[in-house]
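Structure assessment
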Amino acid sequence: MSDNTSLDVRRQLPSVDVLLAHPLLRDAQACHGRTIVRRAVRETLDAERNRLQRSGVEQDRQIGEELPVLALDRLNGLVQPNARAVFNLTGTVIHTNLGRSPLSEAAIEALIRAGRHPVALEYSLDTGRRGDRDDLVEQLLCELTGAEAATVVNNNAAAVVLALGALGGGREAVISRGELIEIGGAFRMPDIMAAAGCRLHEVGTTNRTHERDFEAAMGENTGLIVKAHTSNYAITGFTKEVSESGLARIAHAHGVPLVIDLGSGALIDLAALGLPHESLPRDAIASGADVVTFSGDKLLGGPQAGIIVGKREMIAAIKKHPLKRALRCDKLILAALEATLRVYRDSDCPECDIPTLALLNRAEEDIAATAERILAKTQGLVADVDVTVEDCMSQLGSGALPVDRLPSHALVWRPCDTRRQVRERRLRWLETAFRQLPRPVIGRVNDGALRLDLRCLAGEQEEAAFIAQLDRFKQRFDMLADDEGGSA
Ligand SMILES: *Cc1c(COP(=O)(O)O)cnc(C)c1O
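Reading the values: the criteria
- Residues numbered from 1 in each chain as written.
- Predicted model: local features only at pLDDT ≥ 70, side-chain atom pairs only at ≥ 80, totals over all residues.
- Heavy atoms only, no water.
- Axes fitted to C-alpha atoms, helices over the stretch in contact; angles between N-to-C directions.
- Helix = DSSP H or I, 4+ residues; strand = E, 2+ residues; numbered from the N terminus.
- Parallel < 35°, antiparallel > 145°, perpendicular 65-115°, else oblique.
- Left-handed = near helix turned anticlockwise from the far one by under 90°.
- Contact = heavy atoms within 4.5 Å.
- Nonpolar A, V, L, I, M, F, W, Y, C, P; charged D, E, K, R; others polar.
- Buried < 20%, exposed > 50% of the residue type's maximum accessible area, 1.4 Å probe, protein only.
- Near = heavy atom within 4 Å.
- Polar contact = N/O pair within 3.5 Å; in protein donor to acceptor, adjacent residues only side chain to side chain.
- Areas by Shrake-Rupley, 256 points an atom, 1.4 Å probe, with all protein chains shown as cover.
- Salt bridge = Lys/Arg side-chain N within 4 Å of Asp/Glu carboxyl O.
- Arc of directions from axis to C-beta.
- Phe/Tyr/Trp six-rings, centres within 6.5 Å; stacked < 30°, edge-to-face > 60°.

The N-to-C vectors of helix H6 (residues 105–116) and helix H15 (residues 331–346) enclose an angle of 150°; their axes lie 8 Å apart at closest approach. Judged by the angle between their axes, H6 and H15 are roughly antiparallel. Crossing angle aside, the handedness with which H6 passes H15 is right-handed. In contact with Ala 106, Ala 107, Ala 110, Leu 111, Ala 114 and Gly 115 of H6, H15 contributes Lys 331, Leu 332, Ala 335, Ala 336, Ala 339, Thr 340 and Val 343. Class assignment of the residues belonging to the contact of H6 with H15 gives a composition of ten nonpolar, two polar and one charged.

Glancing now at the environment of Ala 120. Structurally, the position occupied by Ala 120 is in the loop between H6 and helix H7 (138–145). The partly exposed category is assigned to Ala 120, whose relative accessible area is 27%. Along the backbone, Ala 120 and Leu 180 are 60 residues apart, and their C-alpha atoms lie at a distance of 40 Å. Leave out the neighbours within four places in its chain, and Ala 120 touches Leu 125 and Leu 136.

Close to the ligand lie 13 residues; Ala 157, Ser 231, Asp 261, Ser 295 and Lys 298 are nearest. At 2.6 Å from an oxygen atom of the ligand is found a side-chain nitrogen or oxygen belonging to Ser 295. Contact with the protein chains covers 94% of the free accessible surface of the ligand, which is 380 Å². When residues of the shell around the ligand are traced back to their parent elements, those giving at least two are helix H8 (156–168) and strand E8 (258–263). Looking at side-chain class alone, the shell around the ligand contains four nonpolar, six polar and three charged residues.

Throughout the structure, instances matching the rule amount to 33 salt bridges. Among the ionic pairs, Asp 290 bridges to Lys 311, the shortest N-O distance being 2.8 Å. One end of the pair, Asp 290, is in the loop between helix H12 (281–286) and strand E9 (291–295); the other, Lys 311, is in the loop between strand E10 (306–310) and helix H13 (312–320), and 21 residues separate them in sequence. Lys 311 gets classed as partly exposed once you look at its relative accessible area, which sits at 25%.

Right, let's talk about H13 for a bit. When H13 is considered as a whole, its buried residues turn out to be Met 314, Ile 315 and Ile 318. The buried residues of H13 occupy an angular sector of 95° when projected down its axis, which confines them to one face. Exposed and facing more than 90 degrees away from the buried side of H13 are Arg 312, Glu 313 and Lys 320. Turning to H13, the residues buried within the fold contact strand E2 (149–153), H8, E9, E10 and helix H14 (322–327).

Glancing now at the packing of aromatic side chains. Scanning the entire structure with this criterion turns up seven aromatic pairs. Ring plane angle 85° and centroid distance 5.8 Å describe the contact between Phe 87 and Phe 466, whose orientation is recorded as edge-to-face. Here Phe 87 is found in strand E1 (residues 87–88), whereas its partner Phe 466 is found in helix H20 (residues 460–468), with 379 residues between them in sequence. Residue Phe 87 is classed as buried on the basis of its relative accessible area, which comes to 1%.

Of note in this structure, Asp 384 is not a glycine but carries a positive phi near 60°. For Asp 384, the position within the fold is in the loop between helix H18 (364–378) and strand E11 (385–397). Given the relative accessible area of 38%, Asp 384 is considered partly exposed. Even without glycine at this site, Asp 447 takes up a positive phi of about 55°. The class for Asp 447 is exposed, based on a relative accessible area of 61%.

Next comes the structure, spelled out in structure tokens:
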């Protein structure tokens, strides 16, 4: 093969403008605009030219027919958002790596409204003067938690740093050894305290901490007492911890505040839904805590936020801290949070209207029915892979109720072959093919199978959207199998 021949082949490629005039790409321009379609076409032609040059073969496919399709593929890659929707079938309902809570319809509407229009964010519509952005949610938070005052920052980690810095900066923060938590993503209580300018004063032991341990630690350098929810582990067996009211009594006797980092912060009693009990901000406030912090996007089911509620003068001090300005939320978050809180205040059924709660509360029979319907669509879909429905256990995730599990059902994809290597390769293709779909499906691999916990595939629309991708999934799987040299 001479250079001349491959040059000739390259010359057979159409021009950008000729390709742009193809009906498929004309439609694409009507939908996405000229700029991005032209870019996709140019990149496709460049790639094709390079490929021909590299391979040096004569025209190995029908250039004229394939190019528009290749350009469309490339266009799809360019226009599909990075923050695209995925299916969370991992079995972890509040999955931090998948963005935690889906929002309620009310919160979504509020987000759109606040995105589209100016809103009275720091402007009092009563007086026409400057207002405070916390006013959008403070009253609601007080009503829902029984606190005197409230403020909101970017996330709960920020809320803890800010509360500790404002109330205990330069002094000692006393905390039980059993609560020196590390949450995923480098939230470690000792580091957070250091960042806030507090000196860590740990008391008690890992499994047992008594009131007398706290009493003995109190001194003139004490800035505050901290209690942290042990979100992602449980200490069981021979244990003892001091109650919130016990801690409040000790703190107040020594003139310092009690700060409780609740982590998840459910606003309704989960036990009423037949779920395990999770302590509420309202209970922490009622037991005498001066400041309580919790996340907006865990069990509360709203946008990412760190909520701080408590005594009026403590919240005032927190709001005056210079970091408050650095950690504040924007109008989109505050609008979505306000709408979420209104659901809790006004709805007849918050556990129906807050998607996170609805998923946790979903009836097992309903999940089983989804599993059976989907199973029927998957039989024989891919060769040499058994698809079955198995019982499984979902978890809440994000540090809510670390040891509790909810019975659920999973669609289990198990490659079958006597050779382990073959099974493992097929498993990888399964996982990859699901991940490469327009709306990627994220499951969990263990014990030689891909498991899709169907708890979070709720509602007819979601089910239909999942099923609608199955053909494409099969194509992707077969392509991966072909690329890697047959199914063996
Ligand atoms: C999750 C959690 C945090 C961190 O909250 P983010 O909202 O993720 O910043 C802090 N403390 C506890 C106890 C938690 O569970």
